[in-house]
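Structure at a glance
Here is how the chains run, residue by residue.
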Amino acid sequence: MRRPHLHPRLGLMLLALVLPATLAACGEGTGATGATGDSDRTVGVAYDLGGRGDGGFNDLAYAGATQAAESMDAKVMESSARAEDTDADRTARLKLMAEGGANPVVAVGYLYAPSVAEVAEQFPETWFAIVDDDTITADNVVSLTFAANEGSFLVGVAAALQSETGQVGFIGGVNTPLINEFEAGFAAGVEAADNGVELDTAYLTQPPDFNGFNDPQRGAEAAAGMYDSGVDIIFAAAGGSGQGVFETAAKVGAKAIGVDNDQYETAEPPLNEVIITSMLKRVDVGVEQFISSVEDGTVTSGTTKLNLSSEGVGYATSGDFLSPETIKAVDAFAEKIKSGELAVPRSVDQ
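None of these values were measured; they are calculated from a predicted model. (Residues numbered from 1 in each chain as written. Predicted model: local features only at pLDDT ≥ 70, side-chain atom pairs only at ≥ 80, totals over all residues. Heavy atoms only, no water.)

1. Points about the packing of aromatic side chains
What the rule picks out here adds up to seven aromatic pairs. Between the aromatic rings of tyrosine 264 and phenylalanine 321, the centroid separation amounts to 5.7 Å while the plane-to-plane angle is 70°, which identifies the pairing as edge-to-face. Of the two residues, tyrosine 264 is situated in helix 9 (residues 263-266) and phenylalanine 321 in the loop between strand 12 (313-315) and helix 11 (324-339); the sequence distance between them amounts to 57 residues. An aromatic cluster of three or more residues is present, and its members are Phe170, Phe186, Tyr203 and Phe235. The side chain of arginine 52 reaches across the aromatic face of tyrosine 62, ending 4.1 Å from its centre. (Phe/Tyr/Trp six-rings, centres within 6.5 Å; stacked < 30°, edge-to-face > 60°. Helix = DSSP H or I, 4+ residues; strand = E, 2+ residues; numbered from the N terminus. Lys NZ or Arg CZ within 6 Å of the ring centre and 35° of its normal.)

2. Structural notes on helix 6 (residues 177-193)
The end-to-end C-alpha distance of helix 6 is 24 Å, a good match for the 24 Å that 17 residues give at a rise of 1.5 Å each. Residues of helix 6 that are buried: Leu178, Ile179, Glu181, Phe182, Glu183, Ala184, Gly185, Phe186, Ala188, Gly189 and Val190. (Expected span 1.5 Å × (residues − 1). Buried < 20%, exposed > 50% of the residue type's maximum accessible area, 1.4 Å probe, protein only.)

3. Observations regarding unusual backbone geometry
Look at the link from proline 207 to proline 208: it is a cis peptide, with omega at 10°. On the secondary structure map, proline 208 appears in the loop between strand 7 (198-205) and helix 7 (216-228). Of note, the amide linkage connecting proline 269 to proline 270 takes the cis form, showing an omega dihedral of 0°. In this structure, proline 270 sits in the loop between helix 9 and strand 10 (275-281). Notably, aspartate 73 is not glycine yet its phi reads approximately 55°, a positive angle. Counting through the fold element by element, aspartate 73 comes out in the loop between helix 2 (57-71) and strand 2 (75-79). For aspartate 73, a relative accessible area of 47% translates into the label partly exposed. Positioned with a positive phi, aspartate 320 is a non-glycine residue whose angle comes to about 60°. Looking at the secondary structure, you find aspartate 320 in the loop between strand 12 and helix 11. In this structure aspartate 320 comes out as partly exposed when scored by relative accessible area, which is 44%.

Right, here's the structure in full:
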């Protein structure tokens, strides 16, 4: 079995480890949960919708935080999100963490942007990081962003070359600029590999309804419609809703592409057999590097952009589903992106 390119420290692997000095139970509501262990040092992680166990970027954030916390003998304080959360709820969550002594605090997802800006001002001695947002200008905030378009381009190439019907699909959880970037990269990759392959796209919800990231049933229904129309591979950039896409693919004998994590490794067998590759978004690397930089005093505010060249994004080959010819083609495109010869669009209008 091939291992994935840029293989992440998988969140679910870390869940199986016994790290008494670093683990905390995952709670609900706006409050932060208590952290376990004897150390008086605490790292905070506030999750996005889906929370820990999503098999995606929440798990990766947890993995990175746990790895860093273990090395510095710290505890991890965790807090979950709810679909009905408001900015006030998210602000209260981050404030409780800072008041509880968590430093640094990682906010997973762009929905935390207003709250991070507010709480960071109230706690100038606490470092904050936010994943997937670069709109905050503060001396104690680091923005962790990822070139999702570049990683999505690579799996778009793979989808086009592996498709047997000449039709592939993209399902986004919520129609936001961030998920549009996944779509743009995927569409560009499909066209670059074979401009005769057709692409169908769908979004599960529109803002302000963000339930599209945590609604497997809605994901399953959207996938069923695409597969019925002749699509044989769907890229699901839909958080927890991707589970529904995978389940539908298994029922109809089709294939899917995972996102963020190597979802062939995190999905339960035999469901993972439908996942031919995953677009890897190394949130674990970004979070671990941020926390470590706070610990060693090298942290600087501003935006950290993780891209293909910095191994912040990539694609997986677990399961040995991609043909050698496909892998060779994908890797060739990756080199063009790294060298600057190929610029990948960040929106479908580019």
